[in-house]
Amino acid sequence: MTQGTSQTNPIRAIALLSGGLDSMLAAKLILDQGIEVIGISFESPFFNADRARTAAKQLAIPLITWDITDELIKVLKNPKHGFGRFFNPCIDCHALMVKKALELLPSLQAQFIITGEVLYQRPKSQKMGGLMAVAKDSGAQDLILRPLSAKLLPPTKPEREGWVNRSLLLDIQGRSRQRQLELAQTLGINDYPMPAGGCLLTDISVTRRLQKIFQYWKDDIDRPFLELAKVGRHFWTGSDLIVVARNEQESYSLRALMKVWDYKVELTDVPGPTTLVRSRGKLTEEVLELSALLTARYSKARTLPLVKVKAENYLFLHTQKLQVKPSALTETMERMNAEQL
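The protein is annotated in an unreviewed UniProt entry as Conserved protein from Coprothermobacter proteolyticus.

Here you go:
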């Protein structure tokens with residue numbers, strides 16, 4: 001039997017495909033051994049499969065996408081291996097992704113999983129201990145093959161069984177990407193993104209917002225709440241959250257993300273942003289006033305002496321009209337110890 005496939009029993013692998021260069025190279029190395037590869041990419045409010053779709057087309061492989069938001073929320077609430085520098089539980093997140101790929105092996109008649117991880121490329125998740133933790137926690141154990149660093153790692157089942165030729169795998173390690181760039185040229189991979197910006201959980205602004213959201217609203221987190229972390233200007237006073245849209249599209253997004261107990265705040269006589277107000281208990285007059293001031297501040301009415309504002313709540317069928325002085329915003333924020341994130 002030739003290496004990798006036979007006419008009656010093809011060897012098939014599932015590749016975790018982020019769309020970045022490393023994951024593309026890993027898939028290509030296995031493809032070039034005559035093994036069938038099916039890509040899988042995961043989606044959530046913080047990462048999507050757009051890059052993976054482009055990569056799959058270039059590699060000419062099928063791609064499966066899977067939304068893992070519900071499982072990711074559980075991970076974010078209590079990551080076994082903690083967070084990285086930001087709000088990124090990379091080890092736990094990678095283990096979750098590998099676990100999902102593992103579930104697909106029988107239905108896809110695939111034998112193993114490949115990833116583009118490179119030993120010591122990341123300070124925590126891609127150290128030896130991090131890679132082993134992913135293998136153990138996912139349940140995949142030695143069914144995970146990391147082609148770019150395989151020669152630096154213990155032989156996996158695909159290598160021991162002869163499904164994959166270990167001598168054709170690589171020994172890349174560290175943060176330098178020079179070898180990957182050279183390999184891409186050799187393998188004819190010319191279209192790939194720069195190695196940054198793939199996951200918003202490593203974005204400092206989103207991180208600060210999520211930390212606050214999980215501090216006060218941990219038991220109420222759902223996908224719309226996570227989406228809210230990416231929209232508008234965020235202001236906190238205690239556990240009360242005020243989000244002011246930055247443009248018309250964000251105003252539309254905020255209205256779509258509102259819960260029935262939220263307040264919608266808008267100007268009545270002048271065009272301006274939509275503001276969402278979310279409170280853990282009964283909304284106080286102070287918080288309502290601050291939300292009105294912020295709505296006026298980020299509109300063309302900011303220089304007017306008085307601005308009319310309307311606050312609406314659909315659950316309680318409550319509408320309240322206010323008049324605020326935009327010039328009082330700074331003093332009000334200081335008095336309420338409000339924080340912008």
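There's plenty left to go through after this.
A. Molecular detail of helix 7 (residues 178–187). Considered for burial, the residues of helix 7 that qualify are Gln180, Leu183, Ala184 and Leu187. Taken end-on, helix 7 shows its buried residues confined to a sector of 105 degrees, consistent with a single buried face. Seen from the buried face of helix 7, the exposed residues on the opposite side, beyond 90 degrees, are Gln185 and Thr186. Of the surrounding elements, those touching the buried residues of helix 7 are helix 1 (21–31). Downstream of helix 7 by a residue or two, Gly188 has a phi angle that is positive, lying close to 80 degrees.

B. Representation of the pairing of strand 2 (residues 36–43). Along strand 2, seven of the eight residues are buried, which leaves the element largely enclosed by surrounding structure. Sheet analysis places strand 1 (residues 12–16) next to strand 2, joined by five bridges and oriented parallel. Note on strand 2: the bridge partner recorded for Ile14 is Ile38. The β-α-β motif built from strand 1, the intervening helix 1 and the parallel element strand 2 has right-handed crossover chirality. Bridge analysis of strand 2 against strand 3 (residues 63–67) gives five bridges, and the strand direction is parallel. From the neighbouring strand, Gly39 faces strand 3, where its bridge partner is Leu63. Crossover handedness for the path strand 2 to helix 2 (residues 50–59) to strand 3: right-handed.

C. Region of interest: the layout of surface pockets. Considering only enclosed or pocket space, the largest pocket measures out at about 1600 Å³ in volume. Contributions of two or more residues to the lining of the largest pocket are made by helix 1, strand 2 and helix 4 (90–108). No other element matches helix 4, which puts six residues into the lining of the largest pocket. Split into classes, the residues belonging to the lining of the second largest pocket amount to seven nonpolar, five polar and four charged.

D. A look at helix 8 (residues 204–217). When the terminal C-alpha atoms of helix 8 are compared, their 20 Å separation across 14 residues agrees well with the 20 Å that a helix rising 1.5 Å per residue should span. Buried residues along helix 8 sit in contact with helix 3 (69–77), helix 9 (223–228), strand 6 (233–237), strand 9 (275–278) and strand 12 (339–340). The distance from a side-chain oxygen at the start of helix 8 to the backbone nitrogen of Ser205 is 2.9 Å, and the residue carrying that oxygen is Asp203.

E. Looking closely at the nonpolar core. Counting residues in hydrophobic clusters, the biggest one holds 49 residues, and the most contacted among them are Leu16, Phe46, Phe47, Leu210, Phe214, Ile221 and Leu228. The element contributing the most residues to this core is helix 4, with eight residues. Counting the residues that make up this core, at least three belong to each of domain 1 (12–187) and domain 2 (203–340). Beyond its immediate chain neighbours, meaning those up to four positions away, Ile221 contacts Ile73, Lys77, Ile213, Phe214 and Leu226. Membership of the second largest hydrophobic core comes to 33 residues, among which are Leu17, Leu25, Ile30 and Val37.

F. Representation of the confidence of the model for the protein in the model. The share of residues in the protein with pLDDT of 70 or more is 97%, and the mean pLDDT across the chain is 93. For residues 1–7, every residue scores under 50 in pLDDT, and the model assigns this stretch 15 contacts once sequence neighbours within four places are set aside.

Rules behind the numbers
Residues numbered from 1 in each chain as written. Predicted model: local features only at pLDDT ≥ 70, side-chain atom pairs only at ≥ 80, totals over all residues. Heavy atoms only, no water. Buried < 20%, exposed > 50% of the residue type's maximum accessible area, 1.4 Å probe, protein only. Helix = DSSP H or I, 4+ residues; strand = E, 2+ residues; numbered from the N terminus. Arc of directions from axis to C-beta. Contact = heavy atoms within 4.5 Å. Pairing = 2+ DSSP bridges. Right-handed = clockwise from strand over helix to strand, strands pointing away. 1 Å grid on protein atoms, 1.4 Å probe; cavity = no way out; pocket = protein on both sides within 12 Å on 5 of 7 lines; lining within 4 Å. Points joined across faces, edges and corners; volume = space filled by probe spheres on them. Nonpolar A, V, L, I, M, F, W, Y, C, P; charged D, E, K, R; others polar. Expected span 1.5 Å × (residues − 1). Polar contact = N/O pair within 3.5 Å; in protein donor to acceptor, adjacent residues only side chain to side chain. Core = buried A, V, L, I, M, F, W, Y, C linked by side-chain atoms within 4.5 Å. Domains from an automatic or database assignment. pLDDT = per-residue confidence, 0-100.

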